[in-house]
Amino acid sequence: MKIDKNTIERVLNMNDEQLWKTIQYVAKKSGQQEFSNMERPTDMSKVRQALSMLSEEDIQKAVDMMKRGKKNER
């Protein structure tokens, strides 16, 4: 799955439950267990705001960090 600004925009159109499940799925798949086990925030608008402010560069940095995290898990 390619993660870019368009992907983020599609994710932002999900309801809160779908958005949280997607965040947990991505965290789990990238080896970030500490995030995948977190409880859903009560105010998802802050999560949405943070995601909406990401630039393409920010997204690429996050993808690179997730890839490194997955490699370190092995």
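Residues numbered from 1 in each chain as written. Predicted model: local features only at pLDDT ≥ 70, side-chain atom pairs only at ≥ 80, totals over all residues. Heavy atoms only, no water.

1. Concerning the nonpolar core
Right, so step 1: Counting residues in hydrophobic clusters, the biggest one holds ten residues: Ile-8, Val-11, Leu-12, Leu-19, Trp-20, Met-44, Val-47, Leu-51, Ile-59 and Val-63.
Right, so step 2: At the level of secondary structure, the elements contributing two or more residues to this core comprise helix H1 (5-12), helix H2 (16-29), helix H4 (44-52) and helix H5 (56-73).
Right, so step 3: Ignoring any residue separated from it by four or fewer positions in sequence, one finds Ile-8 in contact with Ile-3, Leu-51 and Ile-59. (Core = buried A, V, L, I, M, F, W, Y, C linked by side-chain atoms within 4.5 Å. Buried < 20%, exposed > 50% of the residue type's maximum accessible area, 1.4 Å probe, protein only. Helix = DSSP H or I, 4+ residues; strand = E, 2+ residues; numbered from the N terminus. Contact = heavy atoms within 4.5 Å.)

2. Quick notes on the packing of H1 against H4
Right, so step 1: Two numbers describe how H1 lies on H4: the axes approach to 10 Å, and their chain directions differ by 160 degrees. Here H1 lies roughly antiparallel to H4, going by the angle between them. Along this stretch, H1 crosses H4, giving a crossing that reads as left-handed. Contact with H1, carried on its side by Lys-5, Ile-8, Val-11 and Leu-12, involves Arg-48, Leu-51 and Ser-52 of H4 and no other residues of that element.
Right, so step 2: Of the residues contributing to the contact of H1 with H4, the split by class is four nonpolar, one polar and two charged. (Axes fitted to C-alpha atoms, helices over the stretch in contact; angles between N-to-C directions. Parallel < 35°, antiparallel > 145°, perpendicular 65-115°, else oblique. Left-handed = near helix turned anticlockwise from the far one by under 90°. Nonpolar A, V, L, I, M, F, W, Y, C, P; charged D, E, K, R; others polar.)

3. Describing H2
Right, so step 1: Spanning 14 residues, H2 covers 20 Å between terminal C-alpha atoms, matching the ideal 20 Å at 1.5 Å per step.
Right, so step 2: Turning to H2, its buried residues number three or more, namely Leu-19, Trp-20 and Ala-27. In a view along the axis of H2, the buried residues occupy a sector of 95 degrees, so they form one face of it. Opposite its buried face, H2 presents the exposed residues Lys-21, Tyr-25 and Lys-28, each directed more than 90 degrees away.
Right, so step 3: A distance of 3.0 Å separates the backbone nitrogen of Glu-17 from a side-chain oxygen at the start of H2, and that oxygen is part of Asn-15.
Right, so step 4: Taken from the residues just after H2, Gly-31 is the one with a positive phi, measuring 85 degrees. (Expected span 1.5 Å × (residues − 1). Arc of directions from axis to C-beta. Polar contact = N/O pair within 3.5 Å; in protein donor to acceptor, adjacent residues only side chain to side chain.)

4. Description of H1
Right, so step 1: For H1, the complete set of buried residues consists of Thr-7, Ile-8, Val-11 and Leu-12. Within H1, the buried residues cover an arc of 140 degrees as seen down the axis, which keeps them to one side. Facing away from the buried side of H1, by more than 90 degrees, are the exposed residues Asn-6 and Arg-10.
Right, so step 2: The residue sitting at the N-terminus of H1 and contributing the capping side-chain oxygen is Asp-4; that oxygen lies 3.1 Å from the backbone nitrogen of Asn-6.

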